[in-house]
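Coordinate inspection notes
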Amino acid sequence: MKGPAYSGPVNIGVLALQGDVREHLAALAESDVLARPIRRPEELDGVDALVLPGGESTAISNLAVTFGLLDPIRERIAGGMPVYGSCAGMIMLASTVLDGRPDQETFRGIDMTVRRNAFGRQVDSFEAAVTIDDVEGGDFHAIFIRAPWVEEVGEDVRVLGRVADGPAAGRIVAVRQGNLLATAFHPELTGDLRVHRYFVEMVRQAAPAR
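Structural notes, computed from the coordinates.

Definitions and limits used
- Residues numbered from 1 in each chain as written.
- Predicted model: local features only at pLDDT ≥ 70, side-chain atom pairs only at ≥ 80, totals over all residues.
- Heavy atoms only, no water.
- Buried < 20%, exposed > 50% of the residue type's maximum accessible area, 1.4 Å probe, protein only.
- Helix = DSSP H or I, 4+ residues; strand = E, 2+ residues; numbered from the N terminus.
- Pairing = 2+ DSSP bridges.
- Patch = residues over 30% accessible without salt bridge, like charges linked within 9 Å, V, L, I, M, F, W, Y side chains within 5 Å.
- Areas by Shrake-Rupley, 256 points an atom, 1.4 Å probe, with all protein chains shown as cover.
- Salt bridge = Lys/Arg side-chain N within 4 Å of Asp/Glu carboxyl O.
- Lys, Arg positive; Asp, Glu negative; His and termini not counted.
- Charge placed at Lys NZ, Arg CZ, Asp CG, Glu CD.
- Core = buried A, V, L, I, M, F, W, Y, C linked by side-chain atoms within 4.5 Å.
- Contact = heavy atoms within 4.5 Å.
- Polar contact = N/O pair within 3.5 Å; in protein donor to acceptor, adjacent residues only side chain to side chain.
- Phe/Tyr/Trp six-rings, centres within 6.5 Å; stacked < 30°, edge-to-face > 60°.
- Lys NZ or Arg CZ within 6 Å of the ring centre and 35° of its normal.
- Expected span 1.5 Å × (residues − 1).

The subject of this paragraph is the pairing of strand β11 (residues 172-177). Put simply, side chains in a regular strand alternate between the two faces of the sheet. Counting buried residues in β11 gives 6 out of 6 residues, a clear majority hidden from the surface. Strand direction decides the pairing type here: strand β10 (residues 158-163) and β11, joined by 4 bridges, are antiparallel. Residue glycine 161 lies in a different strand from β11, and its bridge partner there is alanine 174. Summarising the sheet, β11 and strand β12 (residues 180-183) pair through 4 bridges and their orientation is antiparallel. In the sheet register, arginine 176 faces β12, and the bridge partner there is leucine 181. Hairpin connection from β11 to β12: 2 residues lie between these consecutive antiparallel strands, with glycine 178 at a positive phi of about 60°.

Glancing now at a negative patch on the surface. Residues Asp111, Glu152, Glu155 and Asp156 make up a contiguous surface patch of negative charge. Counting through the fold element by element, glutamate 152 comes out in strand β9 (residues 149-153).

Below, the discussion takes up the nonpolar core. Grouped together as the largest cluster of nonpolar side chains are 68 residues, with contacts concentrated most on Ile12, Phe107, Met112, Phe144, Val175, Phe185 and Phe199. Per-element tally for this core: the top contributor is helix α5 (residues 194-206), with 6 residues. With residues up to four places along the chain from it excluded, the contact list for phenylalanine 185 reads Tyr84, Ser86, Cys87, Val130, Ile132, Phe140, Ala142, Ile143, Phe144, Val173, Ala174 and Val195.

Residue position: asparagine 11 is located in strand β1 (residues 11-15). Discounting chain neighbours no more than four positions away, the residues touching asparagine 11 are Leu34, Arg36, Gly46, Val47, Asp48 and Ala49. Among the polar contacts listed, one links the side chain of asparagine 11 to the side chain of arginine 36, at a separation of 3.1 Å.

Our focus in this paragraph is the pattern of salt bridges. Inspection of the entire model under this criterion finds 10 salt bridges. Here glutamate 43 makes a salt bridge to arginine 40, at a shortest N to O gap of 3.0 Å. The structure contains a network of salt bridges with shared partners spanning Arg40, Glu42 and Glu43.

In this section: unusual backbone geometry. Within the chain, cysteine 87 stands out as a residue other than glycine whose phi angle is a positive 55°. Looking at the secondary structure, you find cysteine 87 in the loop between β4 (83-86) and α4 (88-93). Classification of cysteine 87 as buried rests on a relative accessible area of 3%. Its identity is not glycine, yet arginine 146 carries a phi of approximately 45°, on the positive side. Within the secondary structure layout, arginine 146 lies in the loop between β8 (140-144) and β9.

What follows concerns the packing of aromatic side chains. Overall, the coordinates contain 4 aromatic pairs when judged by the stated rule. Ring centres of phenylalanine 126 and phenylalanine 144 lie 4.7 Å apart, and the angle between their planes is 5°; on these two criteria the pair is classed as stacked. You can see phenylalanine 126 sitting in strand β7 (residues 126-132) and its partner phenylalanine 144 sitting in strand β8, a full 18 residues away along the chain. When its relative accessible area of 23% is taken as the criterion, phenylalanine 126 is described as partly exposed. Classification of phenylalanine 144 as buried rests on a relative accessible area of 1%. For arginine 171, the ring lying beneath its charged end belongs to tryptophan 149, and the centroid distance is 3.8 Å.

Let's shift gears to α5. Between its first and last C-alpha atoms α5 spans 18 Å; for 13 residues at 1.5 Å apiece the expected length is 18 Å, and the two agree. Turning to α5, its buried residues are Arg194, Val195, His196, Tyr198, Phe199, Val200, Met202, Val203, Arg204 and Ala206.

Attention now goes to the side chain of histidine 196. Inspection of the secondary structure puts histidine 196 in helix α5. In terms of polar contacts, histidine 196 uses its side chain to reach the side chain of histidine 24, at 2.9 Å. Ignoring any residue separated from it by four or fewer positions in sequence, one finds histidine 196 in contact with His24, Ala27, Leu28, Ser31, Tyr84, Pro187 and Glu188.

The analysis is restricted to geometry; functional conclusions fall outside its scope.
Printed below as a string of structure tokens:
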């Protein structure tokens, strides 16, 4: 049974190395939290949670190493910080990445195997209905851009969403493990704030434990 959620101010950072940072900042601001870009390790100290945006996972990985953020974010994840990753952010939260570069680093955290660019190249981008457990309001109109999918999950990972129909029907595209959330699609591009608000509620539920 859930305890009372924290009702005070919440600060959520968006990793601002590459990708659709501005769109996530806007969606979070509309979800009644304080949102700020994160580019340096010391900026992590001022946030309660982190969003890993869509973009190019190899570039994000390389820049995280260059800016000294790889290990600090891993440490915050291990310490229970809530994190949400969309598209490339999902890849960055995976324990295993297929079809990535052999030297590609991730922040890890979610016990899952993700296939990079699983749905195809940029020209194969598409939109589809996704039913997401715990998110009310019917199917989510999801946008997939060079998106991954989840091939396998560990026993502690909850599958929250799958593509409802079409050639990709049944593919896993939303998961949660504890305080970590990941989607293969881009809710920040739709104007539908339900996924961001779900993550904000996760952050508020985790706050008493921090």
